[in-house]
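Chain and residue survey
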Amino acid sequence: MEQQLDVFVKVVELKNFSLAAKELHMTQPAVSQHIQMLERDMGAKLLERNNKFIRLTHTGDIVYYHAKEILGLYSRMKDLVEDAMHEARGKLLIGASYTFGEYILPHVIARLRDAYPSIQPSITIANTQEIVHLVKSYQLDVGIIEGDLHEPKLHTEPFAKDEMLLFISPKHPLSQKKNVSMRDLQDETWIVREIGSGTREAAEKLFDASQIRPGHMMEFGSNQVIKESVEAGLGITLLSKSAVRKEQKLGTLIALQIDGLPLVRNFSIITKPTKFQPRSVDVFLQLLRAEQ
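Just so we're clear, the structure is a prediction, and the values are computed from it rather than from any experiment. (Residues numbered from 1 in each chain as written. Predicted model: local features only at pLDDT ≥ 70, side-chain atom pairs only at ≥ 80, totals over all residues. Heavy atoms only, no water.)

**Things to note about the nonpolar core**
Core analysis: the biggest nonpolar cluster contains 53 residues, and Phe100, Leu166, Leu185, Trp190, Phe284 and Leu288 have the highest contact counts within it. The biggest single contributor to this core is strand β6 (residues 155-168), with 7 residues. Beyond its immediate stretch of four places on either side in the chain, phenylalanine 100 contacts Leu105, Pro106, Ile144, Glu146, Phe159, Phe267 and Leu288. Among the nonpolar cores identified, the runner-up in size contains 21 residues, and Val12, Phe17, Leu47 and Leu71 belong to it. (Core = buried A, V, L, I, M, F, W, Y, C linked by side-chain atoms within 4.5 Å. Buried < 20%, exposed > 50% of the residue type's maximum accessible area, 1.4 Å probe, protein only. Helix = DSSP H or I, 4+ residues; strand = E, 2+ residues; numbered from the N terminus. Contact = heavy atoms within 4.5 Å.)

**Considerations on helix α3 (residues 28-42)**
Across its 15 residues, α3 extends 21 Å between first and last C-alpha, which sits within 8% of the 21 Å expected from 1.5 Å per residue. All buried positions along α3 are accounted for by Val31, His34, Ile35, Leu38 and Glu39. Down the axis, α3 shows its buried residues gathered within 135 degrees of arc, on one side only. Opposite the buried face of α3, by more than 90 degrees, sit the exposed residues Pro29 and Arg40. Once α3 ends, the next one or two residues include glycine 43, with phi positive near 70 degrees. (Expected span 1.5 Å × (residues − 1). Arc of directions from axis to C-beta.)

**Focus on the side chain of serine 197**
Mapped onto the elements, serine 197 comes out in the loop between β7 (189-193) and α8 (198-210). By relative accessible area, serine 197 is classed as buried at 4%. One polar contact links the side chain of serine 197 to the main-chain amide nitrogen of threonine 199, over a distance of 3.1 Å. Excluding anything up to four places from it in sequence, serine 197 contacts Asn127 and Thr128. (Polar contact = N/O pair within 3.5 Å; in protein donor to acceptor, adjacent residues only side chain to side chain.)

**Considerations on the pairing of β7**
Taken across its 5 residues, β7 has 4 buried, putting it largely inside the fold. Taken together, the 5 bridges between β7 and strand β8 (residues 216-220) define a ladder with parallel strand orientation. Directly across from valine 192, in β8, lies its bridge partner glutamate 219. Once you follow β7 into α8 and on to β8, the crossover reads as right-handed. (Pairing = 2+ DSSP bridges. Right-handed = clockwise from strand over helix to strand, strands pointing away.)

**What about empty space enclosed by the protein?**
Empty space among the atoms becomes visible once a probe the size of a water molecule is rolled across them. Under the counting rule described, the total for this entry stands at 1 cavity of 30 Å³ or more. Of the pockets and cavities examined, the largest cavity occupies roughly 40 Å³. Looking at the largest cavity, the residues that line it are Trp190, Ile191, Val192, Arg193, Thr199, Arg200, Ala203, Thr237 and Leu238. Those elements that place two or more of their residues in the lining of the largest cavity are β7, α8 and β9 (237-240). Sort the elements by how many residues they give to the lining of the largest cavity and β7 lands first, with 4 residues. (1 Å grid on protein atoms, 1.4 Å probe; cavity = no way out; pocket = protein on both sides within 12 Å on 5 of 7 lines; lining within 4 Å. Points joined across faces, edges and corners; volume = space filled by probe spheres on them.)

In structure tokens, the structure reads:
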């Protein structure tokens, strides 16, 4: 069954039987046979296919979703058995939300590689919502997200504080003003992250706490694009100090001094609750906790 699921997932993701056969080092008829056997076992048609496309049926979509979880669990089981017999080594699947992943995680990975060269980290950077999904579905060993999480299927451990400030261009009119309040910012253009991002969640909490609702917002899916936009004078933004260190040092972005800021949130580790944890995860978590 494991091989059938592996073949099925590969066909779905590559959308091509020939490419799947090549990557799996199998013949195309063998790939087709595995799909047919899986469809027979499931008692349902999983793929619509002709000469032009391969498309999941509704039941195929259900099988694909759970196949990813099953294969992830199977891989994890093999890794744990291997891990119990050797030193910390092997693949380590790490996910991080953008702020931590882009500006802090590379330094942690450098220390990990120095101390444990046999560990092979694989990094996924996405917004908080996506990282949570990937950890829940066993596609990541550990995730680092911005803020706290109330998810019964995951273990959440706040491990470091993150300070957030409002940033503007030094050319912005507000940069010359000594006393600025949140009310002064109501009519400004706010450059914000997308829904599902921890940084966007922090901005929404700031709006609610200040009882303002900006009339103009521009939404981007990248901290770097947001910083470039603010530098260009398009508006103001709420970002982590960790994400703006270089720009502050260069003087291309400056922080607004406002009562109630910096806004302090947590960076949190998320993992699946489990009795067994690979040594590679344990040593990585020790390095993360040293970031406090």
